[in-house]
Amino acid sequence: PNTWTLAAVCDVFFAGTDQARAHDTVKELFNHSLVFSTRTPRDDLRFGLLQTTREVIAKGSSLHHALALPYIAFCRKTVESARSYMESGEEARAHELIGLEWETLMKGLAISFDAALHECVAIALALRSFWVSGARLPDGKAWYEKLAESDGVEGATRASLQIALSGIYILLGENDDALRVLLAAEEAMRPIGGLDLARAIGNLAVHQDRTGRYVEAKEGFERCCALFKECGAPYLEAKSQLNLGVVKLRLGEPLSECAQLYGEALKFAQAAGAASMQADAHSCLAHVELKEGRFAEALSSNKAALTLWQGDPNIPECALTMLDLAEIFLNLTRLDACAGAVHIAERLEILSQSPFPSLHRTRLNAYIDAVKPRHSPTEWRAGQRLTRSKSATELVTMAIQLLEAAEAS
């Protein structure tokens, strides 16, 4: 259920000026059993309305108009805090904060769309990297479409929304829509330049990679790497280096060049404390090790990636990592482990709401064709049932257990 802090009550209901009054109000509600208290993993105290209380309130009330602007301001403050955590390398803390406040933020978007459209845009764009990790792609798509089509949004702001929307379209496999909005955004940003032009070029390169146009994708990633460097955006430059390495690998370019790009991105991510990027880099290095037939090293790199993702999975990336594990296990003739990796990959794909691109769909089908005939129908269905009710975090834990079993033998 949605919960909130005492500071949030103070910010929204008491204009941030009277914490003692906020404390007394919450204490009285708590004493009348109208709210409950809970602790986060960081031992922060939060409060929430009991379900029965929420249902009664929901029937006949809405947020009073006098509270709308403080509520929106609190949402903006929350996403800015999360972005600050991300930029300082505290990704886990950023995702934890957004997860705790997600229901509040979604209500804030709805309120600000009518009351303060520019704030709604700012909150939506600040959530750019958070729509993906919690399997919220359809919600992100709906909000970016709604805002990009709004009469009150135009120019560079509309292009920023289109660029964010294109990333979600790509993950959802809606490549035609992604290309449509990307071309419009790139045209709008070309005279302006800056970060959003680099983002547009980068997303266009991702689209080209997903649709098999690898030479064009390579040129796009090289260009956006240079632009991010010019803009002083090392985090985004490092992410583009990973993408560039992936495309160079697909084109059969020297593995040493790919490994160098991955290694540089990993070094940056470690210095910045960016856990998710470290996981991406380890997963990419595993590609090189797999190509070189160094299966033990590839298992180790994938384990490092999954361990970093364990507390806060990037679900689409975890699903792709499971395909790599399936390939490694198949090469090692560990058919039960390969089947387990396939089942986890399929379940993560469903949870992510991001279908595998055709290249990876072909890989998945090849692994299924290789191992399914070696299992009875009963065994295969049992493996599928084992993953069916699991969360992304539980599935990542299962994957790590598969790896540890392989290492032990």
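Residues numbered from 1 in each chain as written. Predicted model: local features only at pLDDT ≥ 70, side-chain atom pairs only at ≥ 80, totals over all residues. Heavy atoms only, no water.

Structural notes on the pairing of strand 2 (residues 45-49)
Phase 1: Looking at chain direction, strand 1 (residues 35-39) and strand 2 are connected through five bridges and run antiparallel. Within strand 2, the residue paired with Phe36 across the bridge is Gly48.
Phase 2: Counting the residues between successive antiparallel strands, the hairpin from strand 1 to strand 2 contains five residues, one of them, Asp43, with a positive phi of roughly 70°. (Pairing = 2+ DSSP bridges. Helix = DSSP H or I, 4+ residues; strand = E, 2+ residues; numbered from the N terminus.)

Observations concerning the confidence of the model for the chain
Phase 1: Scored by pLDDT, the chain comes out at a mean of 91, with 96% of its residues at no less than 70.
Phase 2: Taken element by element, the chain is modelled with least confidence in helix 3 (residues 51-60), mean pLDDT 65, and with most confidence in helix 13 (residues 214-230), mean pLDDT 97. (pLDDT = per-residue confidence, 0-100.)

What about the side chain of Thr321?
Phase 1: Mapped onto the elements, Thr321 comes out in helix 18 (residues 315-331).
Phase 2: Not counting residues up to four positions away in its chain, the partners in contact with Thr321 are Ser283, Asn302, Leu306 and Trp309. (Contact = heavy atoms within 4.5 Å.)

Brief notes about helix 9 (residues 137-148)
Phase 1: Counted at 1.5 Å a residue, the expected span for helix 9 with its 12 residues is 16 Å, and the 16 Å between its end C-alpha atoms agrees.
Phase 2: Along helix 9, the residues classified as buried are Leu137, Gly140, Trp143, Tyr144, Leu147 and Ala148. In a view along the axis of helix 9, the buried residues occupy a sector of 130°, so they form one face of it.
Phase 3: Tucked inside the fold, the buried residues of helix 9 contact helix 6 (102-115), helix 7 (117-126), helix 8 (130-133), helix 10 (155-171) and helix 19 (335-352). (Expected span 1.5 Å × (residues − 1). Buried < 20%, exposed > 50% of the residue type's maximum accessible area, 1.4 Å probe, protein only. Arc of directions from axis to C-beta.)

A word on the packing of aromatic side chains
Phase 1: Going through the model one piece at a time under the given rule, you end up with four aromatic pairs.
Phase 2: For the ring pair Trp102 and Trp131, a centre distance of 5.2 Å and an interplane angle of 85° mean the geometry is edge-to-face. Taken together, the residues Trp102 in helix 6 and Trp131 in helix 8 connect sequence positions 29 residues apart.
Phase 3: Taking relative accessible area as the criterion, Trp131 reaches 0% and is therefore assigned buried.
Phase 4: An angle of 75° between the planes, with centres 6.1 Å apart, marks the rings of Trp131 and Tyr144 as edge-to-face. Linking Trp131 in helix 8 with Tyr144 in helix 9, this pair joins segments that are 13 residues apart in sequence. With respect to burial, Trp131 and Tyr144 carry one shared label: buried.
Phase 5: Feature note: the residues Trp102, Trp131 and Tyr144 constitute an aromatic cluster, connected by ring pairs.
Phase 6: The ring of Phe113 has Lys146 lying over it, and the distance from NZ or CZ to the ring centre is 4.3 Å. (Phe/Tyr/Trp six-rings, centres within 6.5 Å; stacked < 30°, edge-to-face > 60°. Lys NZ or Arg CZ within 6 Å of the ring centre and 35° of its normal.)

Side note on the environment of Thr333
Phase 1: Assignment of secondary structure puts Thr333 in the loop between helix 18 and helix 19.
Phase 2: Sequence spacing of Thr333 and Val79 is 254 residues, and the spatial spacing of their C-alpha atoms is 47 Å.

With respect to the nonpolar core
Phase 1: In terms of nonpolar packing, the biggest core is built from 55 residues, with Leu109, Leu127, Trp131 and Tyr144 touching the most fellow members.
Phase 2: Broken down by element, this core gets its largest block of residues, eight residues, from helix 4 (residues 65-87).
Phase 3: Apart from the residues lying within four places of it in its own chain, the contact partners of Leu109 are Cys120, Ile123, Ala124, Leu127, Trp131 and Trp143. (Core = buried A, V, L, I, M, F, W, Y, C linked by side-chain atoms within 4.5 Å.)

Details of the pattern of salt bridges
Phase 1: The tally for this structure, following the rule as stated, stands at 24 salt bridges.
Phase 2: Its salt-bridge partner being Lys141, residue Glu174 comes within 3.1 Å of it at the nearest N-O pair. With Glu174 in the loop between helix 10 and helix 11 (175-189) and Lys141 in helix 9, the pair connects residues that are 33 residues apart, well separated along the chain.
Phase 3: Using a relative accessible area of 24% as the deciding quantity, one classes Glu174 as partly exposed.
Phase 4: We note a salt bridge from Glu297 to Arg294, for which the minimum N-O separation is 4.0 Å.
Phase 5: When salt bridges with common partners are traced through the structure, they connect Arg76, Glu80, Arg83 and Glu119 into a single cluster. (Salt bridge = Lys/Arg side-chain N within 4 Å of Asp/Glu carboxyl O.)

Side note on the side chain of Thr104
Phase 1: Tracing the backbone through its elements, the reader meets Thr104 in helix 6.
Phase 2: You can call Thr104 buried: its relative accessible area is 6%.

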